[in-house]
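# Observations on the three-dimensional arrangement
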Amino acid sequence: MLIGTKNIADFQAEQRRVTIGRLAIANESVWTRGSPIPVLFSGTLGFKTIKIEVMVRGATREEILNNGSNLLSALIGPVDLTLDGFSHKFRAVLTKSSYAETVMERWHIHTLELSGYEYSDQETQTQSQAESMTIVNPGNIETPLILELTPTFGIASLTITGIARDPNTGEDEPVTLKNLTTGNTVILDGETGLITEGGALKTADMELWGLPTLLPGSNLITFSSDTLNVTAKYKPRYM
């Protein structure tokens, strides 16, 4: 088991049991009294719960306690977890921890409870002189998209479809970027929510109603100009 790049074996610890929950779903649909039909809205996804039991060893009780302390200190902030037996990773924060001195002079059992989301390794797709591109997202929920656009000629106004949607209807919402200059890369980052050009914010030159994302399965993205080199990056997400 890895916490970031740190192997818990460095703390004389070993992953024992893992319980993975599903993403929580909240919904605010209502059926008003007297109305013949309800008002139905799309559900909102919440956190996935992850419960991990870890055995911590040591030559003495003090060493076991110190190893357990080091384990917890690695979980103070948001972390990327690579769990033994799982090909996907988890981005999570520790919400609760406890431990039992099962055999005080040999090992303790730490129970870690975390909240976060599940994803797989980043995938990258590039296309030159792109008027459209199709991306197949293997994840089973909406996934943030990072789109890097490098014009080969200046573009006064560029319209992109297939990367943003109305949160209530699911209908596609076009994205418009203005004043793109030759060779200068514009990055639409669905992970951070930033739109930049050369590291500077480009908010004044955009019309964007939702962060760039991919739906599960096939996604067709179109551009109003083909004088672009495009790189798409995404980490598929899962229920």
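An account of the accompanying structure is given in this report. What you are looking at is a predicted structure, and each value in this text was computed from that prediction instead of being measured.

Scoring rules and cut-offs
- Residues numbered from 1 in each chain as written.
- Predicted model: local features only at pLDDT ≥ 70, side-chain atom pairs only at ≥ 80, totals over all residues.
- Heavy atoms only, no water.
- Core = buried A, V, L, I, M, F, W, Y, C linked by side-chain atoms within 4.5 Å.
- Buried < 20%, exposed > 50% of the residue type's maximum accessible area, 1.4 Å probe, protein only.
- Helix = DSSP H or I, 4+ residues; strand = E, 2+ residues; numbered from the N terminus.
- Contact = heavy atoms within 4.5 Å.
- Polar contact = N/O pair within 3.5 Å; in protein donor to acceptor, adjacent residues only side chain to side chain.
- Pairing = 2+ DSSP bridges.
- Patch = residues over 30% accessible without salt bridge, like charges linked within 9 Å, V, L, I, M, F, W, Y side chains within 5 Å.
- Areas by Shrake-Rupley, 256 points an atom, 1.4 Å probe, with all protein chains shown as cover.
- Salt bridge = Lys/Arg side-chain N within 4 Å of Asp/Glu carboxyl O.

### Concerning the nonpolar core
Among the nonpolar cores identified, the biggest contains 24 residues, and L147, L149, I160, L188, I221 and F223 are the most heavily contacted of them. Broken down by element, this core gets its largest block of residues, four residues, from strand β21 (residues 228–234). Not counting residues within four places of it along the chain, the set of residues in contact with I221 comprises E131, S132, M133, I135, L145, I160, T161, G162, I163 and L214.

### Concerning the environment of S224
Counting through the fold element by element, S224 comes out in the loop between β20 (217–223) and β21. Counting along the chain gives 145 residues from S224 to V79, while the straight-line C-alpha distance between them is 39 Å. Sequence-distant contacts of S224, that is, excluding residues within four places in its chain, are made with S157, L158 and T159. Within the structure, the side chain of S224 is placed 2.9 Å from the backbone nitrogen of T159, a separation counted as a polar contact.

### Let's talk about the environment of I163
With respect to the helices and strands, the residue I163 is situated in the loop between β13 (155–161) and β14 (175–180). In this structure I163 comes out as buried when scored by relative accessible area, which is 0%. Placed 12 residues apart in sequence, I163 and V175 show a C-alpha to C-alpha distance of 7.9 Å. With near-sequence residues (within four places) excluded, I163 lies in contact with L145, L147, D172, V175, L188, L211, P212, T213 and I221.

### Looking at the sheet that holds β13
What the five strands build is an open sheet, ordered β11-β20-β13-β14-β18; its pairing is antiparallel. Strands at the two margins of the open sheet, each flanked by one partner only, are β11 (132–137) and β18 (206–207). Relative to β20, β13 runs antiparallel, the two being bridged by two bridges. Counterpart to I160 in the pairing with β20 is F223.

### Side note on unusual backbone geometry
Phi angles above zero are rare outside glycine, and Q12 is one such case at about 55 degrees. Tracing the sequence through the fold places Q12 in the loop between β2 (6–7) and β3 (13–20). Residue Q12 is classed as partly exposed on the basis of its relative accessible area of 34%. Even without being glycine, Q129 reaches a positive phi, approximately 45 degrees. Among the secondary structure elements, Q129 is positioned in the loop between β10 (123–128) and β11. For Q129, a relative accessible area of 44% gives the class partly exposed.

### Quick look at a nonpolar patch on the surface
On the surface, V30, V39 and F41 cluster together into a nonpolar patch covering about 230 Å² of accessible area. Along the polypeptide, V30 turns up in the loop between β4 (25–26) and β5 (44–45). Given the relative accessible area of 41%, V30 is considered partly exposed.

Geometric values such as these leave the question of function open.
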